[in-house]
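Overview (structure and organization)
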Amino acid sequence: MRYLRQLKIAVLYPDNGAGSALDRNNRIAVFLFAILPGLSPNFNSFILLASMVWGIYCLATGRLALNLSRSDRLVAIGMSVYPLVMIASIFINPPYSEELNWIFRLLPFFSVWLILPRMRQSPDGSLLPLFILGAGIGMIVTFLFSLLQIMFLMERAEAGTSNAALLGVIGVLFGGISLLNVQSPKSVEQRIAILGYAAGLGCVLLSGTRSAWLVIPIHIVIFLWYFRKHSFHLSLRSLAITGSLLFAGLIALGSGQILHRIEALQDNMASLERSDGEVTSLSARFALYKGAVSAISKDPLTGYGPQNRMASVLAELPETIRPQLTYSHVHNGFLTAGIDAGIFGIAALSLMLATPVIGAWRKESGPGRDLAIALALLLVSSYVITGSFGIMFNQKALDPIFAYLVALICVDRGSTGFAPVVRD
């Protein structure tokens, strides 16, 4: 309870002089943004939109200056290329349908220009540790929510996302971010870090998101690189015991879901060898990939526009299976970008995925640079691997999360050392 009171003070009552009002608002926004993805992704969209609107107001009235460094501008431009290419594709490819809706959905990718100057009003090194702590707390609550859903006989946990695959992406990403807080000297924050990571993995298992399982070993490699360079305050013996117990508990808890998803994959693979016309999750993906590749090859330069995405893919497939493929994307982010805007769409998407790493890599050497690189690698690997088999962008939760994290990666200097959220 004492730590919670101290955390409340650290978030709501920062003591740093004239800029404390903006700093307080930044802290509240960052903390809530880290907690909410698995519980209510719509609030993440609202936080980002509100921050963008407030950023426009502050820049227009002169309350804030667009003090972006050369590296910041490079990242912001890289983020902006993708939505600009997609907007151009919308108007190049008739017939037009819901143009304003598609453009509105692309607005989060412009947000770095507007929210980074505001984030810079907080003391250097204060926001990222708060986000990491919030990610751990959010994952713990999200896991408990997911566990209740499984107990009430839901086939796959969704928590507050309304999409099991989305929960898997959020679980593996925010659980990984949580573990970075093991380096905190505060024992409470260390425990939240470990429990948050375990909870994130628990969400991945209970959601049955197989593509998110593939991310876990990549994240372990990133952790080994980062923690080899930066010592943490837990003994290896204590960490090994705690980790083993949590891992055993997660396997026991998620064994039913793991076996169920493996059996489903085996059944899907067996159905591919039959010729009874059954469309499964796996055969639907293969059909979508085949249709997407065929459509892209016919118009590789401009694509078809996001408004014509599925119509162009389905036109390449047999009429017998079209009614069963009621999807809004082709379950591969790169092919989806190629359908939307051709090779320029794929190039713009690749550039945007590289921007977190570019922003982190271009910092001056120091602990802040290493933390930013670790966070960027966790972010990009989560999106690339899960997005190669499912959803990547054009989604109400994943787009704001990516954009907000890119801004957080840029905000601190490379020489900034890690500090706990609650300081004695």
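For the structure itself, look to the data block above.
All figures in this text were calculated on a predicted structure; none of them were measured in a lab. (Residues numbered from 1 in each chain as written. Predicted model: local features only at pLDDT ≥ 70, side-chain atom pairs only at ≥ 80, totals over all residues. Heavy atoms only, no water.)

Side note on unusual backbone geometry
Put simply, the test is: The helix and strand labels rest on DSSP assignments: H or I over at least four residues marks a helix, E over at least two residues marks a strand, and numbering proceeds from the N terminus. The buried label applies to any residue whose accessible area, calculated with a 1.4 Å probe on protein chains only, is under 20% of its type's maximum; exposed applies above 50%, and partly exposed to all values in between.
Non-glycine residue Ala-159 carries a positive phi angle of around 50°. The topology assignment puts Ala-159 in the loop between α7 (127-151) and α8 (164-179). For Ala-159, a relative accessible area of 6% gives the class buried. Even without a glycine there, the phi angle at His-331 is positive, about 60°. Summarising the element assignment, His-331 is placed in the loop between α14 (309-314) and α15 (333-361).

Side note on the nonpolar core
Put simply, the test is: Residues enter a nonpolar core if they are buried and are Ala, Val, Leu, Ile, Met, Phe, Trp, Tyr or Cys, with the set joined through side-chain atoms within 4.5 Å. Note on contacts: a residue pair is in contact if any heavy atoms of the two residues lie within 4.5 Å.
Among the nonpolar cores identified, the biggest contains 90 residues, and Phe-131, Tyr-383, Phe-393 and Tyr-404 are the most heavily contacted of them. With twelve residues, the single largest contributor to this core is helix α17 (residues 398-411). Contact partners of Phe-131, with chain neighbours within four places excluded, come to Val-30, Phe-33, Ala-34, Phe-174, Ile-177, Tyr-404, Leu-405 and Leu-408. The next biggest cluster of nonpolar side chains, apart from the first, holds 17 residues, and it includes Leu-288, Ala-295, Ile-296 and Leu-325.

A word on the side chain of Arg-118
Short version of the rule: Positive charges are assigned to Lys and Arg, negative charges to Asp and Glu, while His and the chain termini are left out of the count. Note on definitions: salt bridges are taken to be side-chain nitrogens of Lys or Arg within 4 Å of carboxyl oxygens of Asp or Glu.
Take Arg-118: it is sitting in helix α6 (residues 112-119). Asp-23 provides the closest opposite charge to the buried, salt-bridge-free Arg-118, at an N-O distance of 9.2 Å. Beyond its immediate stretch of four places on either side in the chain, Arg-118 contacts Asn-25, Asn-26, Trp-54 and Leu-64.

Quick look at the packing of aromatic side chains
In plain terms, the rule: Each pair of aromatic rings taken from Phe, Tyr and Trp, with Trp reduced to its six-membered ring, is defined by centres within 6.5 Å and is described as stacked if the planes are under 30 degrees apart, edge-to-face if over 60, and tilted in the remaining cases. In this scheme, the term charge over a ring applies when either NZ of a lysine or CZ of an arginine sits within 6 Å of the ring centre and within 35 degrees of the ring normal.
Under the defined criterion, the tally for this structure stands at 13 aromatic pairs. With a centroid separation of 5.4 Å and 70° between ring planes, the pair formed by Tyr-226 and Phe-227 is classed as edge-to-face. Of the two residues, Tyr-226 and Phe-227, both sit in the buried class. Grouping aromatic residues by their ring pairs yields a cluster made of Tyr-82, Phe-109, Tyr-383, Phe-393 and Phe-402. Here Arg-105 stacks its cationic end above the ring of Trp-102, 4.3 Å away from the centre of that ring. Above the ring of Trp-361, the side-chain terminus of Arg-369 is found at 4.7 Å from the ring centroid.

Here we look at a nonpolar patch on the surface
Spelled out, the test is: Patch definition: residues with relative accessible area over 30% and no salt bridge; like charges joined within 9 Å; nonpolar side chains (Val, Leu, Ile, Met, Phe, Trp, Tyr) joined within 5 Å. In these tables, accessible area is a Shrake-Rupley quantity obtained with a 1.4 Å probe, and a residue counts as shielded only by the protein chains included in the view.
A contiguous nonpolar patch, built from Leu-49, Val-53, Phe-104 and Leu-107 and spanning about 340 Å² of accessible area, is present on the exposed surface. The residue Leu-107 is located in the loop between α5 (99-106) and α6 in this model.

Comments concerning the environment of Arg-63
Mapping Arg-63 onto the fold places it in the loop between α3 (41-61) and α4 (70-92). It is 9.8 Å that separates the C-alpha atoms of Arg-63 and Arg-118, two residues lying 55 residues apart in sequence. In this view, Arg-63 contacts Trp-54, Tyr-57 and Cys-58; residues no more than four positions away in its chain are not counted.

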